[in-house]
Amino acid sequence: MGMTVVEKILARATGQAQVRVGDVVEPAVDLAMSHENAALVINQFQEIFEGTGLEPTVWDPSKIAIIFDHRVPAESSKTATNQKRIRDFVAAQGISKFHDVRADQGGICHQILPEYGYVRPGYVVVGTDSHTTSHGAVGAFAFGLGATEMAAVWALGKVLNVEVPATIKVVANGSFGQWVSPKDLILYLIGKISAEGANFRVLEYHGSAIRNMPVSGRLTVSNMSMEAGATAGIIPADEETELYLRREAGVTDDLDVVQPDADAVYEQVVEIDVAELGPQIAKPHTVDNVCGVGEVEGLKVQQIVIGSCTNGRLDDLEIAARLLRGKTVAKGTRMLVFPASWKIYKQALRSGVLADLADAGAVIMNSGCGCCLGVHQGALGDGEVALATTNRNFKGRMGNPKGEVYLCSPATAAASAVTGVITDPRKVGA
Amino acid sequence: MSAIRGCAWTFGRDVDTDQIIAARYLNMKTAEELACHLMEDCDAEFPQKVKAGDIMVARENFGCGSSREHAPIAIKGAGVPVVIAKSFARIFYRNAFNTGLPILVAPEAVDGISEGDELEVDLETGSIRNLTTGKDYQAEALPPFMRELVAAGGLLPYLKKSTSER
């Protein structure tokens, strides 16, 4: 019987010829990622060894990545002290994949991992962040877990008790219409299958719309697969993946381009023709509360957010600049831009994209996650509405339970920044 | 393990981790501190209303969203001995067992429980009795590894035990 991508990766990671859905396995981990919550992982990790007489030593410091992105630079002495503790631990354990608050290496973890070639096709990647699903974009099996489970990974180098998940095949064919993007595709899919439609399952993406999509867009799709509850969102690696890893990340090693077998067994197949898609909006307060932009057009927006791990890559910022160049952000609306990494920040700085956005009135922020989850800048006032390219619109998400967050693509966000109300980008863009 | 008795607090579907514990409290250290803000964005009075021993009952996809372990820790910190739901989001499901919070998947029981009902829950067998209505329900059996985690009190004590036995 043929295997899906996740089955093949788990078979390799457990040294078996075959695994099947429901098997319980303990896969070896190729990369273990944490951000500032590494402070919690360190506590739990040290606790495992306490009283055993053994020195707390991580299984392989070259396979651990720690990236500061949630509260950068530190917003409080508490955070600063946590970050200091992590730096000390990183130094003591010899963890080399560490990205501090620096413009020559910093950024959001889900951008840094592919950008530096830390994630590869066929890898088992775990992260103390639910959007670790992002790394399925390069053909890895990447999933989120909690701090205690990560402490066990740091100690053992494997994940305990992993049930081989069933796979849902998503086939997206066709070409996107103008100002319609991978973000609209993934929002549409989440709306279609619901916030728990892929719970305990893997989404595996196929079709011409995926094959023609750059890794940038694939990262958006895999990132938000989490919002359908998916354990992982895997895009089988192809020439585009290889090109990205070689050119962008400078990877020179052989790549294990894992493909599903032709007779792989899928629990369900979902087909989408992207040519029929218009811009999508996820309304408060669940990500599966999705509608076409027309349904909410005209709603007044106080804060536009473009960026984050979901949509803060160079092409996202360029789309925004194309729509805003020579125009201004509407009065009564503020616009915040969070590039996904400092590499992207500097590319957009040098190409003039950031100057165009700033000339239009947008505020260019540090590369980071803080605004999206409401812990670091960009909070909403009572009764305010945000339109954001981020990935969650839960109640309280942008720092205020009395605020509302609508999710959309960079084009819809930029078009709406000009008008100050939710706007179909196809009506603004030339 | 003896049976647990407690009153039910009921919640809808898709109760996300940000509702269970908002991100602005993630810098707090202890379970007790976190418990002071449990479900605050869903019901600002909840931290005052919930009493130790009360049982949380929810519909589908409880705990969806973030990987924050603070969510099950805050629930445990409030003295809630078990959460019963129609289904749990995967990361929360694992985090709950890892941090020593027992949870039960019991769709029929959830349909038969109203807020304030008194429940008797046997974690060993998964039997749930609604003492208010007199009806009995059976939760889905826990996978073997999760049973071991419940018995050990979470992943850390489980690992400490297996590390010292090595």
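Residues numbered from 1 in each chain as written. Chains lettered and ligands numbered in written order. Predicted model: local features only at pLDDT ≥ 70, side-chain atom pairs only at ≥ 80, totals over all residues. Heavy atoms only, no water.

## Some thoughts on the packing of aromatic side chains
Residue and element names in this part refer to chain A. The following threshold applies: Note on ring pairs: Phe, Tyr and Trp rings are taken, using the six-membered ring of Trp, and paired if centres are within 6.5 Å. Classes follow the plane angle, with under 30 degrees stacked, over 60 edge-to-face and the rest tilted. A run of H or I in DSSP counts as a helix once it spans at least four residues, and a run of E counts as a strand once it spans at least two, with each numbered from the N terminus. Buried, partly exposed and exposed residues are distinguished by accessible area as a fraction of the type maximum, computed with a 1.4 Å probe on protein chains only: under 20%, between the cut-offs, and over 50%, respectively.
Here the structure, examined in full by the defined rule, presents 16 aromatic pairs over all chains. Both rings, one in Phe45 and one in Phe89, keep their centres 6.0 Å apart while their planes meet at 85°; by these two values the pair is edge-to-face. Residue Phe45 is found in helix H2 (residues 38-49), and its partner Phe89 is found in helix H3 (residues 77-93); the two are separated by 44 residues along the sequence. On the accessibility criterion, Phe45 (0% relative accessible area) is buried. Geometrically, the ring pair formed by Phe89 and Trp154 is stacked, given 5.4 Å between the ring centres and 15° between the ring planes. Of this pair, Phe89 sits in helix H3 while Trp154 sits in helix H5 (residues 147-156), placing them 65 residues apart in sequence. For the pair formed by Phe89 and Trp154, the shared burial category is buried. Connected via pairs of aromatic rings, a cluster forms that spans Phe45, Phe49, Phe89 and Trp154.

## Observations concerning the packing of H2 of chain A against H5 of chain A
Residues and elements named next belong to chain A. What counts, and what does not: Comment: axis = line fitted to C-alpha atoms, over the contacting stretch for helices; angle = value between 0 and 180 degrees taken between N-to-C directions. Note that the term roughly parallel is reserved for angles under 35 degrees, roughly antiparallel for angles over 145, roughly perpendicular for angles of 65 to 115, and oblique for everything else. Definitions for this section: a left-handed crossing has its near helix turned counterclockwise from the far helix by less than a right angle. A right-handed crossing has that turn clockwise. Here, two residues are considered to be in contact whenever any of their heavy atoms come within 4.5 Å of each other. Each residue is assigned to one class: nonpolar for Ala, Val, Leu, Ile, Met, Phe, Trp, Tyr, Cys and Pro, charged for Asp, Glu, Lys and Arg, and polar for all the others, Gly among them.
With their axes 8 Å apart at the nearest point, H2 and H5 run at an angle of 60° to one another. When the axis of H2 is compared with that of H5, the two are oblique. Handedness of the crossing formed by H2 with H5: right-handed. Contacts from Ala38, Leu40, Val41, Ile42, Gln44, Phe45, Ile48 and Phe49 in H2 reach Ala147, Thr148, Met150, Ala151, Ala152, Trp154 and Ala155 in H5. Here the contact of H2 with H5 is built from residues that sort into 13 nonpolar, two polar and no charged.

## Points about the interface of chain B and chain A
What counts, and what does not: Throughout, buried area stands for the accessible area (probe radius 1.4 Å) lost by two parts on being put together, summed over both. Definition used for salt bridges: Asp or Glu carboxyl oxygen within 4 Å of a side-chain nitrogen of Lys or Arg. Pairs of N or O atoms are called polar contacts if they sit within 3.5 Å, as long as, within protein, a hydrogen donor faces a hydrogen acceptor (for residues adjacent in sequence, only side-chain-to-side-chain pairs).
If you look at the interface, chain B gives 38 residues, while chain A gives 46 residues. Summing both sides of the interface, chain B and chain A together bury roughly 3,500 Å²; the carbon and sulfur share of this comes to 54%. When the area that chain B buries against chain A is broken down by residue, the three leading residues are Asn27, Arg90 and Leu156 of chain B, summing to 20%. Salt-bridge contacts for Arg13 of chain B lead to Glu196 of chain A; the nearest nitrogen and oxygen are separated by 4.0 Å. Linking chain B with chain A are 22 residue pairs in polar contact (both at pLDDT 80 or more), by the criterion used here. Among the secondary structure elements, those contributing two or more residues to the side of chain B that touches chain A are helix H5 (90-98), helix H7 (144-152) and helix H8 (155-165) of chain B. Classifying every residue of the side of chain B that touches chain A gives 14 nonpolar, eleven polar and 13 charged.

## Some words on the side chain of His206 of chain A
Residues and elements named next belong to chain A. With respect to the secondary-structure elements, His206 resides in strand S9 (residues 201-206). Residue His206 is classed as buried on the basis of its relative accessible area of 14%. Among the polar contacts made by the side chain of His206, one reaches the side chain of Glu204 at a distance of 2.6 Å. If we ignore the near neighbours within four places in the chain, the residues touching His206 are Lys169, Val170, Val171, Ala172, Pro236, Pro260 and Tyr266.

## Thoughts on the sheet that holds strand S2 (residues 31-34) of chain A
Residue and element names in this part refer to chain A. The line we're drawing: Strand pairing is assigned whenever DSSP identifies at least 2 bridges connecting the two strands.
Sheet architecture is open: five strands sit in the order S4-S3-S2-S5-S6, paired in parallel fashion. With one partner strand each, in any of the chains shown, strand S4 (97-99) and strand S6 (141-144) form the two edges of the open sheet. In this sheet, neighbouring strand axes are inclined to one another by 15° on average, regardless of whether the strands run parallel or antiparallel. Note that strand S5 (residues 124-127) and S6 share four bridges and pair parallel. If you follow Val126 over to S6, its bridge partner there is Phe143.

## Describing helix H8 (residues 215-225) of chain A
Of all the eleven residues making up H8 of chain A, eleven are buried; the element is thus mostly covered by neighbouring parts of the structure. All of the buried residues in H8 of chain A are Val215, Ser216, Gly217, Arg218, Leu219, Thr220, Val221, Ser222, Asn223, Met224 and Ser225 of chain A.

## Let's talk about the sheet that holds strand S2 (residues 55-58) of chain B
All names here are of chain B. Reading across from one edge, S4-S3-S2-S1-S5-S6-S7 is the order of the seven strands in this open sheet, with mixed pairing throughout. The sheet is open, and its two borders are formed by strand S4 (103-105) and strand S7 (135-138), each paired with just one other strand. The sheet shows a mean angle of 30° between the axes of neighbouring strands, direction not considered.

## With respect to the nonpolar core
Going by this rule: The term nonpolar core refers to a set of buried residues drawn from Ala, Val, Leu, Ile, Met, Phe, Trp, Tyr and Cys, joined through side-chain atoms within 4.5 Å. The split into domains, and so the bounds of each, comes from an automatic or database assignment of domains.
Counting residues in each nonpolar core, the largest one holds 110 residues, and the members touching the most others are Trp154 of chain A together with Phe62 of chain B. When residues in this core are grouped by element, the largest group, seven residues, is from H2 of chain A. Of the residues that make up this core, three or more belong to each of domain 1 (5-272) and domain 2 (280-424) of chain A. Residue contacts for Phe62 of chain B: discarding those within four places in its chain leaves Val15, Ile20, Met56, Ile75, Val83, Ala85, Ser87, Phe88, Ala89 and Phe92 of chain B. Core analysis: the second largest hydrophobic core is formed by 39 residues, Ile235, Val305, Ala388 and Phe394 of chain A among them.

## Brief notes about unusual backbone geometry
Going from Val72 of chain A to Pro73 of chain A, the amide bond is cis rather than trans, its omega being -15°. Note that Pro73 of chain A resides in the loop between strand S3 (64-67) and H3. Cis geometry marks the peptide bond from Pro284 of chain A to His285 of chain A, where omega comes out at -5°. Even without being glycine, Trp179 of chain A reaches a positive phi, approximately 65°. Topologically, Trp179 of chain A is positioned in the loop between strand S8 (166-173) and helix H6 (182-193). A residue is classified by how much of its surface remains accessible, and Trp179 of chain A, at 10% relative accessible area, is buried. One non-glycine residue, Met39 of chain B, lies in positive phi territory at about 60°. Residue classification places Met39 of chain B among the buried residues on the basis of a relative accessible area of 0%.

## Details of the pattern of salt bridges
Where charged atoms of side chains with opposite charge meet at close range, the side chains can pair. Scanning the entire structure with this criterion turns up 33 salt bridges over all chains. For Glu227 of chain A, the salt bridge goes to Arg392 of chain A, with nearest N and O atoms at 3.0 Å. With Glu227 of chain A in the loop between H8 and strand S10 (232-234) and Arg392 of chain A in the loop between strand S17 (385-388) and strand S18 (404-407), this residue pair connects regions lying 165 residues apart in the sequence. The class for Arg392 of chain A is buried, based on a relative accessible area of 2%. With its nearest N and O atoms 2.7 Å apart, the salt bridge here joins Asp43 of chain B to Lys49 of chain B. Residues participating in the shared-partner salt-bridge network are Glu196 of chain A together with Arg13, Asp14 and Glu60 of chain B.

## Thoughts on the environment of Ala264 of chain A
Residue and element names in this part refer to chain A. When you line up the elements, Ala264 lands in the loop between helix H9 (239-247) and strand S11 (268-273). What makes Ala264 buried here is its relative accessible area of 11%. Between the alpha carbons of Ala264 and Asn289 there is a distance of 32 Å; along the sequence they are 25 residues apart. Look past the residues within four positions of Ala264 in its chain and what remains in contact with it is Gly2, Met3 and Thr4.

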